[in-house]
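# A structural walkthrough
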Amino acid sequence: MDKLAMLGGTRTVPRDRRIPKWPVVTPDDEEAVRRVLASGRFTTASSGEKEIAGLEREWARETGTRHCVAVSNGTTALSLALAAAGIGPGDEVIVPALSFIASAIAPLHVFAVPVFADIDPVTFNVDPAAVEAAVTPRTKAVIVVHLHGLPADLTELMAVAERHGLTVIEDAAQAHGARYHDRPAGSFGAINTFSLNVSKNLATCGEGGLVTTDDADLYQRATMMRQFGEVIPRRGSRSYVSHLLGWNHKPAAIQCAFTRSRLARFGHESELRDQNVRHFLGRLAELPWLHVPTAPDDRTHVWHILRFRIDPEPFGLGPEFAGPLRSVVMRALRAEGVPATHYQLMPLPAQRLFQSPLPGVDRKYRGEDHPNTLRVIDGSFTIQKAHLHPDARPLLDLYADAATKLWENRDVIAAEAKSLDYMPPWREAEQIADAEWEG
Ligand SMILES: Cc1ncc(COP(=O)(O)O)c(C=O)c1O
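Right, let's walk through the structure included here. Throughout, residues of each chain are indexed from 1 in the direction in which the sequence is written. Given that this is a predicted model, residues contribute local features only at a pLDDT of at least 70 and side-chain atom pairs are listed and counted only at 80 or more, while totals for whole chains, interfaces and linings are drawn from all residues. With hydrogens and water excluded, all non-hydrogen atoms of the structure serve as input to the side-chain values.

Looking now at the packing of helix α9 (residues 266–285) against helix α13 (residues 393–408). Angles run from 0 to 180 degrees between N-to-C directions of axes, and those axes are lines fitted to C-alpha atoms, restricted for helices to the stretch in contact. Counting from the N terminus, the helices are the DSSP runs of H or I reaching at least four residues and the strands are the DSSP runs of E reaching at least two. Taken N-terminus to C-terminus, the directions of α9 and α13 make an angle of 15°; their axes are 9 Å apart at the nearest point. What the angle tells us is that α9 and α13 run roughly parallel. In this structure, α9 crosses over α13, and the sense of that crossing is right-handed. Residues Gln275, Asn276, His279, Phe280, Arg283 and Leu284 of α9 touch α13, and the partners they reach there are Arg393, Leu396, Asp397, Tyr399, Ala400, Asp401, Ala403 and Thr404. Angles below 35 degrees are treated as roughly parallel, those above 145 as roughly antiparallel, those between 65 and 115 as roughly perpendicular, and all remaining angles as oblique. In this scheme the handedness of a crossing depends on how the near helix is turned from the far one: anticlockwise by less than a right angle means left-handed, clockwise means right-handed. Residue contacts follow a heavy-atom distance rule, with two residues in contact if any of their heavy atoms lie within 4.5 Å.

Now the structure itself:
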């Protein structure tokens, strides 16, 4: 049995073994960017601009929606979607308690009130029953996040929304290409959003976002709102007439051209990732202590983030050791060279932002109201980005070797977990927040 690296043994992943660079940049992508530089047409306000319009057309086709609006990033995509749908001051918007902070910030940007709903402990997506329980007479919309690349339970969520007259906005920032009942994520809600951030499965060379909808009116409002409420013609001169409240959320043509070039191989890349990740998860599933991410039969997972739940029982530990065990496992994996990370240290409502005064918000937000989210954060870890590259398989094999090594050393791991002076991630985050604020 090899000694654990955290106790002075040899690392499973050699130090010089790098995570392949993401996103992959090919000569075609470089050429696409150069084409924009040569054209001199850089934004939607440039007469005759082709790349932004081209990406919008192609992403609408890819998602099977009638319209797509490219914007500056996935966060502005969400606030624009809310504004276009008429969500405004005092309206309540239901948001999963586990997501990236942008899902919860967007309602605040339009002076609406985020109301959090707990997640399902296995899929990590919002629990439809929790959404229904959060509905009040002031609820106007629900932001359905397809967390980590797995579509949420859309049948149930759409039914809840219909029963209560809510607008559904899919936040598909992490779920490009995922399908639910063989229909693309981002085609179910009234208006839906994607991020093109460098970290995403469909990335740009910087920041970008996409909004999709079948509704011509929502499309027109979103298009106008991204550019000062103006109608900007594809050709000819601009009138500078502002019809409604807008922002400057215009996308950059260089970034749209880059993404468009990547879109041409997106299907192939996604397929290779799917094969690599399934191979990796297959190996990990042989270990009795890890619950690997899976997809119910009626949907596909695009593996944007891999989240692993740890079972204390095979270590001879009770459920109260889930957090300490996860902490030791993360430390041991990192020592072996596996980039095991947290994704979110606390439920969104426990963020400092929600503990401070917010315009038009008169409710108290508490992380403890979302026990499944707390348990998932405490008892699981993630792997991010390292598995995205099509050539990631050999590295993932090393990660699986490291997980096997931990299992061979289970007695050591269990003993460490038992003796740990444990602090849950949200307490650690409090300390970090205090230190950062004090500078
Ligand atoms: C679920 C979710 N929503 C929204 C966003 C915001 O996207 P962006 O970073 O492009 O603003 C992200 C980005 O990570 C996300 O993961």
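The discussion continues.
The subject of this paragraph is the sheet that holds strand β10 (residues 290–291). Pairing between strands is defined by DSSP: at least two bridges between the two strands are required. Judged by pairing direction, the sheet is antiparallel, and its four strands sit side by side in the order β10-β11-β13-β12 without closing on themselves. Because the sheet does not close on itself, it has two edges, and the strands there are β10 and β12 (340–341). In terms of strand pairing, β10 meets strand β11 (residues 305–310) through two bridges, oriented antiparallel. Counted as the bridge partner of His291 is Arg309 from β11.

For the rest of this paragraph, the subject is the pattern of salt bridges. Salt bridge, as used here, is a side-chain nitrogen of Lys or Arg placed within 4 Å of a carboxyl oxygen of Asp or Glu. Scanning the model with the defined rule gives 26 salt bridges in all. Close ionic contact of Arg179 with Asp182 constitutes a salt bridge, the shortest N to O distance being 3.0 Å. Since its relative accessible area comes to 60%, Asp182 is described here as exposed. Across the pair Arg326 and Asp378 runs a salt bridge, and its minimum N-O distance is 3.9 Å. Taken together, the positions of Arg326 in helix α10 (residues 322–336) and Asp378 in helix α12 (residues 371–379) put the pair 52 residues apart, joining distant regions of the chain. The exposure classification of Arg326 matches that of Asp378, with both residues buried. Among the charged side chains, a salt-bridge network with shared partners connects Asp29, Arg262, Arg265 and Glu269. A simple rule labels every residue: compare its accessible area, found with a 1.4 Å probe on the protein chains alone, to the largest value its type can have, and call it buried under 20%, exposed over 50%, or partly exposed in between.

Okay, the pairing of strand β9 (residues 209–213) next. The side chains of a regular strand alternate, first on one face of the sheet and then on the other. Extensive coverage of β9 is indicated by the burial of five of its five residues. Neither face of β9 is exposed, since Gly209, Val211 and Thr213 on one face and Leu210 and Thr212 on the opposite face are all buried. Note: strand β1 (residues 67–71) against β9, five bridges, orientation antiparallel. Paired with Val69 across the bridge in β9 is Val211. With four bridges connecting them, strand β8 (residues 192–195) and β9 associate as antiparallel partners. Residue pairing for β9: Ser195 is matched across the bridge by Gly209.

Taken together, 15 residues surround the ligand, and among them Gly74, Thr75, Asp171, Ser195 and Lys200 come closest. For the purposes of these results, a polar contact is taken to be a pair of N or O atoms within 3.5 Å, where, inside protein, one atom must be able to donate a hydrogen and its partner to accept one; residues adjacent in sequence count only when each atom of the pair is a side-chain atom. The separation between an oxygen atom of the ligand and a polar side-chain atom of Gln174 is 2.9 Å. Separating an oxygen atom of the ligand from a side-chain N or O atom of Lys200 is a distance of 2.6 Å. Protein chains bury 92% of the 390 Å² of accessible surface belonging to the ligand in isolation. Residue assignment for the shell around the ligand shows that the elements contributing at least two residues are α3 (74–84) and α4 (101–109). Polar here means any residue outside two lists: the nonpolar Ala, Val, Leu, Ile, Met, Phe, Trp, Tyr, Cys and Pro, and the charged Asp, Glu, Lys and Arg; Gly therefore counts as polar. Classifying every residue of the shell around the ligand gives four nonpolar, nine polar and two charged. Proximity is defined per residue: if any heavy atom of the residue lies within 4 Å of a molecule or strand, that residue is considered near it. Surface exposure here means Shrake-Rupley accessible area, sampled with a 1.4 Å probe, where a residue is shielded only by the protein chains that are shown.

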